[in-house]
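Residues per chain are reported as follows:
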Number of protein chains: 4
Amino acid sequence: MSPAPERRGELLATAAEVFAAQGYSATTVREIADAAGMLAGSLYYHFDSKESMLDEILATFLDGLRARYDAVLAAGLGPRETIEALVTASFREIARHRAAVAIYQQESPHLRTHPRFGYLADAQQKFARAWLGTLERGVAAKDFRADLDIRLTYRFVRDTVWVAASWYRPDGQHSPEEIARQYLSTVLEGIAVRE
Amino acid sequence: MSPAPERRGELLATAAEVFAAQGYSATTVREIADAAGMLAGSLYYHFDSKESMLDEILATFLDGLRARYDAVLAAGLGPRETIEALVTASFREIARHRAAVAIYQQESPHLRTHPRFGYLADAQQKFARAWLGTLERGVAAKDFRADLDIRLTYRFVRDTVWVAASWYRPDGQHSPEEIARQYLSTVLEGIAVRE
Amino acid sequence: MSPAPERRGELLATAAEVFAAQGYSATTVREIADAAGMLAGSLYYHFDSKESMLDEILATFLDGLRARYDAVLAAGLGPRETIEALVTASFREIARHRAAVAIYQQESPHLRTHPRFGYLADAQQKFARAWLGTLERGVAAKDFRADLDIRLTYRFVRDTVWVAASWYRPDGQHSPEEIARQYLSTVLEGIAVRE
Amino acid sequence: MSPAPERRGELLATAAEVFAAQGYSATTVREIADAAGMLAGSLYYHFDSKESMLDEILATFLDGLRARYDAVLAAGLGPRETIEALVTASFREIARHRAAVAIYQQESPHLRTHPRFGYLADAQQKFARAWLGTLERGVAAKDFRADLDIRLTYRFVRDTVWVAASWYRPDGQHSPEEIARQYLSTVLEGIAVRE
DNA sequence: CATGAATGAGAGTTCATTCAT
DNA sequence: TATGAATGAACTCTCATTCAT
């Protein structure tokens, strides 16, 4: 009968917003509490620690993303369509979980050492395999150029997608799908005019 | 008038390494001192504060980068060659100042509010004008496609270049020039095979 | 006018157990509530504060003990028989209120300063007079040796009795009476073999 | 050249005094710092934590005590003389480390569970063997009565000795040796007059 | 009677910084 | 130049307590 899970979710969204804006380490628990309209100590009724808030934010985001990627990969599309679907799914996740993505971008390098956040490295490996596998399939199918270093290309693509979280504003003029289309056009066809 | 500018430079390089690895806020002065083989208090003979170390690291890096960009823009190249030169210069700076670039990437969003770091926003504006101007020139000259959103394209290009600092390892297999070539090929021609 | 004095007693017994095991200061209200199968806040329906639980536990124990001592002293026994009766009564109280005795032992030194617990000092004085008076009577009656320092002897006897609360287990092999007998034999006759 | 070890010792003595007076849990780090004439945070230059202060106090005390007991046991005395020497050594330790002994008495029951303080149980076992072995030797040699429960007797003796720390005042009228003599007379010969 | 959520004071601890030596 | 010791503010977290439901 208690609407508790909602409250948790609200608080996590608030915390994510503050973490994204200031960085995890630079954010004080008091600031989160202020943003949530409560006292710092009160947060500890809902969460064990500041770290466990971060944990829950990242784990929730990564679970959702994994599900989307799995759905895309299970759809049996060709390499080019798979890349398009992965990019579009990614931009949609950025639109839905902008704060979580920004936190992920900023903190994941430092966090990966920490045992508690080992799942970050796991997820990253899984995602890497999805992208790399698709790029390889595309090269084999002659959809993608064979003369590019695949690992470098993967990194370029991955970074460009995710770093968008740092400037994307949901109230802006571009829908996730529009951004995905522009981005795909850039990366697939290049910006140079074809003669 | 302290007589050892070299020592300063060494200490700043050490501090930059630690900042890049752990994040500025998460780094303690003691950790920097440990890495430098001295005690925390001793750093204050060389620097006013932790913040002024950050300041000097970023300012030095941005000054250098500005000089390179100015040189490129002053060379009177065509739009495509200018883009190529800017990208190559950027990857060279990443190779030379990896830690500083990583810090810049991580901290610049939070820092821009802070008056002391107003020059970050200035620099960013200056760089934005360089990129945007060149892209516009390229579109006008029909070097670049006219159907792309120029601001989005700029963001894609800018982010992908700089985010490379997070994975670039100077001891790795790729020279900055090689990375620049691959990246330019990707972004100019696209990864799709042309029929 | 709360209608369940039994519940109060159960809760106090639970609290006493936890206080005895962990110390009063180191015990949290939540731990007591956990042990009682309720939430921390719910305890405040029954008690004003954590301190008032401690108060009630100690006062109840001391009231009972005072009654036993009074009964012994009113019985008009000789000094030796009085000592024997006091010791036996004490071990019986330890058996019945082990937790309260343990708390009393641990906390009474710190608590005596606190005005609310002034009755601890009163009781202790009363008990001291009972023991000292009996020892003096015994020395006068040549039941007890005259060459011992009576205050030191009192302290030795008192401490040995009460400190037993820290190791006494009601389910162990020794009844309170058996322990009292052994102890009295030790203190009255000594452990050395008589020639 | 730094007199640091002395400072540590002074601070530990101060902390021990406060712990003994108020109990470990009820003592705040600020109270210790006040007593030492410094700020709370400054204590952390010298110690890792409040707990590590407790640790060092207890370990130092137990190490010293163990050395004394070992010396006594190595002296090859008869059972009665060994008991006398152990008791005297104990009262001397109480006189020298009154606060540490008081803390040991109060906190050791709760602490024994804690892995960090496992050495408390070890030491206690070692001491128990020393006392029990000597009592057994004494019974075998007909120095001590055979009709007493040896474990009970051990507990009586042990507790009475150590609990003296709670009332012993070094500036009082009794030297440790005097107290030991009185106590030994009580426990060896008994307080009853011999016919 | 008990819960769930919050309060607010204060606890232990961290850390940038200072300064006499 | 560097050290050792201390400062003081702020931080994360705890906990007794309150109260509407």
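- Under an unreviewed UniProt entry, the name given to chain A is TetR family transcriptional regulator, and the organism recorded is Streptomyces siderophoricus.

**A short note on the protein's contact with DNA strand E**
- Of all residues adjacent to DNA strand E, which total 32 residues, the nearest are Tyr45(A), His46(A), Tyr44(B), Val29(D) and Tyr44(D).
- For DNA strand E, the fraction of atoms within 4 Å of the protein that belong to sugar or phosphate moieties is 72%.
- Within the side chain of Tyr45(A), a nitrogen or oxygen atom sits 3.1 Å from a phosphate oxygen of DNA strand E.
- Of all elements in the fold, only helix H1 (4–22) and helix H3 (43–46) of chain A, helix H3 (43–46) of chain C together with helix H2 (29–36) of chain D reach the threshold of two or more residues within the surface near DNA strand E.
- Residues that form the surface near DNA strand E fall into these classes: 13 nonpolar, 14 polar and five charged.

**A word on the environment of Lys126(A)**
- One can find Lys126(A) in helix H7 (residues 118–140).
- Remark: the alpha-carbon pair of Lys126(A) and Ala35(A), spanning 91 residues in sequence, is separated by 35 Å.

**Let's talk about the UniProt feature "DNA-binding region" (unreviewed entry) in chain A**
- Taken from the UniProt record, the annotation "DNA-binding region" (unreviewed entry) applies to residues 28–47 of chain A.
- Across residues 28–47 of chain A, the secondary structure splits into 60% helix and 0% strand, with the terminal C-alpha atoms separated by 15 Å.

**Concerning the interface of chain D and chain C**
- Contacts between chain D and chain C engage 41 residues on the former and 41 residues on the latter.
- Note on chain D versus chain C: buried area summed over both sides is about 3900 Å², and carbon and sulfur give 63% of it.
- Ranking the residues of chain D by area buried against chain C places Phe156(D), Trp167(D) and Ile191(D) at the top, with a combined share of 20%.
- Counting the contacts that link chain D with chain C gives 13 residue pairs in polar contact (both at pLDDT 80 or more).
- Of all elements in the fold, only helix H1 (4–22), helix H5 (79–96), helix H6 (98–111), helix H8 (150–163) and helix H9 (176–189) of chain D reach the threshold of two or more residues within the side of chain D that touches chain C.
- Considering only residue class, the side of chain D that touches chain C consists of 18 nonpolar, 12 polar and 11 charged.

The rules behind the values
Residues numbered from 1 in each chain as written. Chains lettered and ligands numbered in written order. Predicted model: local features only at pLDDT ≥ 70, side-chain atom pairs only at ≥ 80, totals over all residues. Heavy atoms only, no water. Near = heavy atom within 4 Å. Polar contact = N/O pair within 3.5 Å; in protein donor to acceptor, adjacent residues only side chain to side chain. Helix = DSSP H or I, 4+ residues; strand = E, 2+ residues; numbered from the N terminus. Nonpolar A, V, L, I, M, F, W, Y, C, P; charged D, E, K, R; others polar. UniProt positions renumbered as here; feature names shortened; annotations may be inferred. Contact = heavy atoms within 4.5 Å. Buried area = accessible area lost by both parts, 1.4 Å probe.

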